[in-house]
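Per-entry structural report
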Amino acid sequence: MTGQKKAGLYGLGLAAAVLAGVAMVQGGDDIKNLLDPPADMTFEWAAPTTGSTAVRYEVQIRNGGANSTDVKTQNVTSRSVTFSVDWLTLYEVRVRGIDSSGCAGVCSASSLAEDRDHEEPSF
C-alpha cells in the first residue's frame, strides 16, 4: 500500500471518528443516525437570463470531487434536481439549459454541492 493510500485511509478513519464523536455529543449514547444513509440533496439554480428560453435542463453531477471521472447526467424540466448522496463524498453540479429546438447552452461553472448553509465566522 502506498503512502498516499495509507494517508487517505487514515484521514477517512479520522473523519469517521470525529463524526461519531459529534453524534454522541449531540445525541447522547445513541449513534444510530450515523448508520442511516444521509438525506437526499436538492440542488437549485436560476433560469438563464440570456438566449432563448430553456424548456429543460441537462444536469451533470460529479461524484468524488474535481479529479473524479464519475459523472452522471440527468435531464429535468424544473430548475432543481434531487439526488442521493453518500457520507463523506464530494459532489459537484453543473447545469445547462436546452431550448425547444434542442439547442443546448453553455454549461455553468461547477458548483460544490453541500448539505448545509455556512454560518458567519465566530471570530
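To be clear, the structure that these remarks concern was listed above.
Residues numbered from 1 in each chain as written. Predicted model: local features only at pLDDT ≥ 70, side-chain atom pairs only at ≥ 80, totals over all residues. Heavy atoms only, no water.

1. Observations regarding the overall build of the chain
Scanning the chain from N- to C-terminus turns up 2 helices and 6 strands. Each helix (α) and strand (β) of the chain, taken in turn from the N terminus, gives the series α-α-β-β-β-β-β-β. When the 123 residues of the chain are sorted by exposure, 21% land in the buried category. Look at the contacts in the chain between residues 6 or more apart in sequence, and 52% of them connect residues 24 or more apart. (Helix = DSSP H or I, 4+ residues; strand = E, 2+ residues; numbered from the N terminus. Buried < 20%, exposed > 50% of the residue type's maximum accessible area, 1.4 Å probe, protein only. Contact = heavy atoms within 4.5 Å.)

2. Brief notes about the pattern of salt bridges
All chains considered together, the criterion is met by 3 salt bridges. One salt bridge connects Glu92 with Arg62, and the closest N-O pair in it is separated by 3.2 Å. Note that Glu92 is positioned in strand β5 (residues 91-98) and Arg62 in strand β2 (residues 56-63), a separation of 30 residues in sequence. Since its relative accessible area comes to 16%, Glu92 is described here as buried. (Salt bridge = Lys/Arg side-chain N within 4 Å of Asp/Glu carboxyl O.)

3. Considerations on the sheet that holds strand β6 (residues 111-113)
Strand order in the open sheet made by the 4 strands is β3-β2-β5-β6, with antiparallel pairing throughout. Of all the strands in the sheet, just β3 (71-76) and β6 have a single pairing partner and so form its edges. For this sheet, the mean inter-axis angle between neighbouring strands, taken without regard to orientation, is 30°. In this sheet, β6 lies alongside β5 in antiparallel orientation, the contact comprising 3 bridges. Within β6, the residue paired with Glu92 across the bridge is Leu112. (Pairing = 2+ DSSP bridges. Axes fitted to C-alpha atoms, helices over the stretch in contact; angles between N-to-C directions.)

4. Comments concerning the environment of Asn75
Following the sequence through the fold, Asn75 ends up in strand β3. Along the primary structure Asn75 and Arg96 are separated by 21 residues, whereas in three dimensions their C-alpha atoms are 9.8 Å apart. With near-sequence residues (within four places) excluded, Asn75 lies in contact with Arg56, Tyr57, Glu58 and Ile98. For Asn75, the side chain forms a polar contact with the side chain of Arg56, separated by 3.0 Å. (Polar contact = N/O pair within 3.5 Å; in protein donor to acceptor, adjacent residues only side chain to side chain.)

5. Thoughts on the packing of aromatic side chains
Within the structure shown, the criterion is met by 3 aromatic pairs. With a centroid separation of 5.4 Å and an interplanar angle of 70°, the aromatic rings of Trp45 and Tyr57 are classed as edge-to-face. One end of the pair, Trp45, is in the loop between β1 (41-44) and β2; the other, Tyr57, is in strand β2, with 12 residues separating them in the sequence. Owing to a relative accessible area of 5%, Tyr57 belongs among the buried residues under this scheme. Both rings, one in Phe83 and one in Tyr91, keep their centres 5.7 Å apart while their planes meet at 55°; by these two values the pair is tilted. Side by side, Phe83 and Tyr91 carry an identical accessibility label, which is buried. (Phe/Tyr/Trp six-rings, centres within 6.5 Å; stacked < 30°, edge-to-face > 60°.)

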